[in-house]
Amino acid sequence: IPTYTPAKKVITIEEIKKIIDLKDFDNDWEWYARDIWLLLYRMNGINFVDLLKLKWSDKKGDYFEFFRHKTIRTRRSNIRPIKIKITDKIQEILDRIGKKESPFVIGQISSLDYDEKYLVYRNRKVKAKVNKYLKAVGNRLNLSMPLDVSLARDCYANTLKRSGVNA
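Described below are features of the structure shown in this document. (Residues numbered from 1 in each chain as written. Predicted model: local features only at pLDDT ≥ 70, side-chain atom pairs only at ≥ 80, totals over all residues. Heavy atoms only, no water.)

**What to know about the layout of surface pockets**
Then, number 1: For the second largest pocket, the calculated volume is near 220 Å³.
Then, number 2: Elements represented by at least two residues in the lining of the second largest pocket include exactly α1 (13-21), α2 (28-42) and α5 (88-97).
Then, number 3: Split by residue class, the lining of the second largest pocket holds six nonpolar, no polar and seven charged. (1 Å grid on protein atoms, 1.4 Å probe; cavity = no way out; pocket = protein on both sides within 12 Å on 5 of 7 lines; lining within 4 Å. Points joined across faces, edges and corners; volume = space filled by probe spheres on them. Helix = DSSP H or I, 4+ residues; strand = E, 2+ residues; numbered from the N terminus. Nonpolar A, V, L, I, M, F, W, Y, C, P; charged D, E, K, R; others polar.)

Following this line, the structure appears as structure tokens:
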């Protein structure tokens, strides 16, 4: 029986540029939320939980190397690290929102000694707050669909597809 998987709907390249070029924020949380979205997008569409767990010690020269949270939990063998080059645009965002005093890049986890339950809680809590402010930004920009952290991953994938990259 054939199956049909509809294409994910994403915002246009022009709408992505509106997000990137945005300079007018109502508060610091909107700016932070937009920067989180850009970081997820520019870091090859990584998942929010992977950004939450990303540590400064994962930085190896001019790139980050880490294992996806999902992969660690689901695969037993052939686990390969993700490598993301730290471009000038990524570095610019890290300089704005990176928490150098924390072992974690965005500083939203308080201790290196955390368990899965704590990670799930922090992921849900921080993502909800970021999404709240992203929604406000998206509404102000009059985007064709609601802006949230998961849209960054889909937009990155579609940007590659539009560019002819077969990933």
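**A few points about the packing of aromatic side chains**
Given two aromatic rings, their pairing is described by the distance between the two centres and the angle made by the two planes.
Then, number 1: Inspection of the entire model under this criterion finds six aromatic pairs.
Then, number 2: Their ring planes at 5° and their centres at 5.7 Å tell us that Phe 25 and Trp 31 sit as a pair that is stacked.
Then, number 3: Taking the relative accessible area as the measure of exposure, Phe 25 reaches 15% and is therefore buried.
Then, number 4: Here Trp 29 and Tyr 32 contribute two aromatic rings whose centre-to-centre distance is 5.1 Å and whose plane-to-plane angle is 75°, an arrangement assigned as edge-to-face. Residue Trp 29 and its partner Tyr 32 are both found in helix α2; the two are separated by three residues, about one turn of the helix.
Then, number 5: A relative accessible area of 26% means that Trp 29 is categorised as partly exposed.
Then, number 6: With relative accessibility at 11%, the residue Tyr 32 sits in the buried group.
Then, number 7: Clustering of aromatic rings is evident, with ring pairs tying together Trp 29, Tyr 32 and Tyr 133. (Phe/Tyr/Trp six-rings, centres within 6.5 Å; stacked < 30°, edge-to-face > 60°. Buried < 20%, exposed > 50% of the residue type's maximum accessible area, 1.4 Å probe, protein only.)

**Observations concerning the nonpolar core**
Then, number 1: Membership of the largest hydrophobic core comes to 47 residues, with the highest contact counts inside it found for Ile 36, Trp 37, Met 43 and Leu 51.
Then, number 2: Mapped onto this core, the elements with two or more residues apiece are α1, α2, α3 (48-53), β2 (63-66), α5, α6 (116-140) and α7 (149-162).
Then, number 3: When residues of this core are assigned to their parent elements, the largest contribution, eight residues, is made by α2.
Then, number 4: When neighbours within four sequence positions are excluded, Met 43 is seen to be in contact with Leu 51, Leu 54, Phe 64, Ile 84 and Ile 90. (Core = buried A, V, L, I, M, F, W, Y, C linked by side-chain atoms within 4.5 Å. Contact = heavy atoms within 4.5 Å.)

**Some details on the packing of α2 against α6**
Then, number 1: Packing of α2 against α6 leaves a shortest axis separation of 8 Å and a crossing angle of 95°. It follows from the interaxial angle that α2 and α6 lie roughly perpendicular. Side by side, α2 and α6 meet where Trp 29, Glu 30, Tyr 32, Ala 33, Arg 34, Ile 36 and Trp 37 of the first sit next to Lys 129, Val 130, Tyr 133, Leu 134, Ala 136, Val 137 and Arg 140 of the second.
Then, number 2: Here the contact of α2 with α6 is composed, by residue class, of 10 nonpolar, no polar and four charged. (Axes fitted to C-alpha atoms, helices over the stretch in contact; angles between N-to-C directions. Parallel < 35°, antiparallel > 145°, perpendicular 65-115°, else oblique.)

**Details of the side chain of Glu 15**
Then, number 1: Here Glu 15 lies in helix α1.
Then, number 2: Nearest to the buried, unbridged Glu 15 among oppositely charged side chains is Lys 18, at 5.8 Å.
Then, number 3: Separated by 2.6 Å, the side chain of Glu 15 and the backbone nitrogen of Ser 144 make a polar contact.
Then, number 4: Ignoring any residue separated from it by four or fewer positions in sequence, one finds Glu 15 in contact with Asn 142, Leu 143 and Ser 144. (Lys, Arg positive; Asp, Glu negative; His and termini not counted. Salt bridge = Lys/Arg side-chain N within 4 Å of Asp/Glu carboxyl O. Polar contact = N/O pair within 3.5 Å; in protein donor to acceptor, adjacent residues only side chain to side chain.)

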